[in-house]
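Notes for the structure review
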Amino acid sequence: MDLELLITLILRIIVSFACGGLLLRSWLRSKKRFFSDFPFVFSLMFFTLAVAKIIDAFIAAAFVPGDPSMAFLSWIRLRYSVMAINTIEMLAIILIIWFRSKRKASILIFSGYSLAWILVLLVASSYETISKTLSYLVVPVMIALIFTFVFTYRQKRLVNKFNSLVVAIGTIIYAASQFIRPSLTNMGSSAWGLTWLSELIDLIAWALIFWGFFKPAMPIKKDAEYQEEIVA
């Protein structure tokens, strides 16, 4: 058992549940609530992430990378199923920002993307096939998410909803960690290598994403409120 990895995963589970709970509480305190509200959608993302880390902790404790057993493949399928939910939730954020008024287009993109995940998880017969194939589904969403938050920051859009700069930085760090994760897994003396380090980087990334949605930048928020008063 990789103790460093297990400790890092437990920390991620606790932090993810805490972030999800705080965002959900913030959403519940709103006078008007919609399921498309950012705090609600991101609270679901953090809860999903916590479940994924619970599965990761079990896999890290019970298996080694590349285990040829069917049990390992079954757990990997379950883990990537949860990852699919998490990535689909990211896609939902993009659709809310860009296609809020285009309901049919949003449903078509959302359904097509979800179907692609289902087909890969059903057809793929090995861990290598699943991980490599699904990377092609994750990368476009990550790029679109980064572009979206950088765009909203530069255009000063949705400034009263979230801090685009902080969220963009967190998303970039998270995307970078996904690219270096395979290399870190192959480093070190333990079975899972330095995977714990990539988990720690992910923790920092998601903490930034949480903070960007939980506490919009006060100067930006005050400026937005001032502009609203002028217009009124």
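So, here's what we can say about the structure.

A few words on the overall build of the protein. In terms of helices and strands, the protein carries 8 helices and 0 strands. Traced from its N-terminal end to its C-terminal end, the protein shows the element sequence α-α-α-α-α-α-α-α. Relative to the compact-globule value of 17 Å for 232 residues, the protein shows a C-alpha radius of gyration of 19 Å, a close match. Reported as C-alpha extents along the three principal axes, the dimensions of the protein are approximately 65 × 40 × 30 Å. When the 232 residues of the protein are sorted by exposure, 42% land in the buried category. Carbon and sulfur atoms make up 69% of the accessible area of the protein, which totals about 12,900 Å². The distance from the centre of the 22 positive side-chain charges to the centre of the 13 negative ones in the protein is 10 Å.

Helix length check: helix α7 (residues 195-214), at 20 residues, gives a terminal C-alpha distance of 28 Å against a target of 28 Å (1.5 Å per residue), a fit within 8%. Those residues of α7 not exposed but buried are Thr195, Ser198, Glu199, Asp202, Leu203, Ala205, Trp206, Ile209, Phe210, Gly212 and Phe213. Elements that come into contact with the buried residues of α7 comprise α1 (3-28), α2 (38-62), α3 (70-98), α5 (127-154) and α6 (164-185).

All right, on to the layout of surface pockets then. With a probe scaled to a water molecule rolled over the atoms, the places where space remains empty come into view. Its boundaries defined by the atoms lining it, the largest pocket holds a volume of some 1,100 Å³. At the level of secondary structure, the elements contributing two or more residues to the lining of the largest pocket comprise α1, α2, α3, α5, α6 and α7. Per-class residue counts for the lining of the largest pocket are 26 nonpolar, 10 polar and 8 charged.

Our next topic: the environment of Arg12. Mapped onto the fold, Arg12 is located in helix α1. Distance in space between the C-alpha atoms of Arg12 and Leu200 is 8.1 Å, their sequence separation being 188 residues. Setting aside chain neighbours within four positions, we find Arg12 in contact with Leu49, Lys53, Glu199, Asp202, Leu203 and Trp206. Only 3.5 Å separates the side chain of Arg12 from the side chain of Asp202, close enough to count as a polar contact.

Rules used in this analysis
- Residues numbered from 1 in each chain as written.
- Predicted model: local features only at pLDDT ≥ 70, side-chain atom pairs only at ≥ 80, totals over all residues.
- Heavy atoms only, no water.
- Helix = DSSP H or I, 4+ residues; strand = E, 2+ residues; numbered from the N terminus.
- Rg over C-alpha atoms; globule rule 2.2 N^0.38 Å.
- Buried < 20%, exposed > 50% of the residue type's maximum accessible area, 1.4 Å probe, protein only.
- Areas by Shrake-Rupley, 256 points an atom, 1.4 Å probe, with all protein chains shown as cover.
- Lys, Arg positive; Asp, Glu negative; His and termini not counted.
- Charge placed at Lys NZ, Arg CZ, Asp CG, Glu CD.
- Expected span 1.5 Å × (residues − 1).
- Contact = heavy atoms within 4.5 Å.
- 1 Å grid on protein atoms, 1.4 Å probe; cavity = no way out; pocket = protein on both sides within 12 Å on 5 of 7 lines; lining within 4 Å.
- Points joined across faces, edges and corners; volume = space filled by probe spheres on them.
- Nonpolar A, V, L, I, M, F, W, Y, C, P; charged D, E, K, R; others polar.
- Polar contact = N/O pair within 3.5 Å; in protein donor to acceptor, adjacent residues only side chain to side chain.

In short, shape yes, function no, at least from these values alone.
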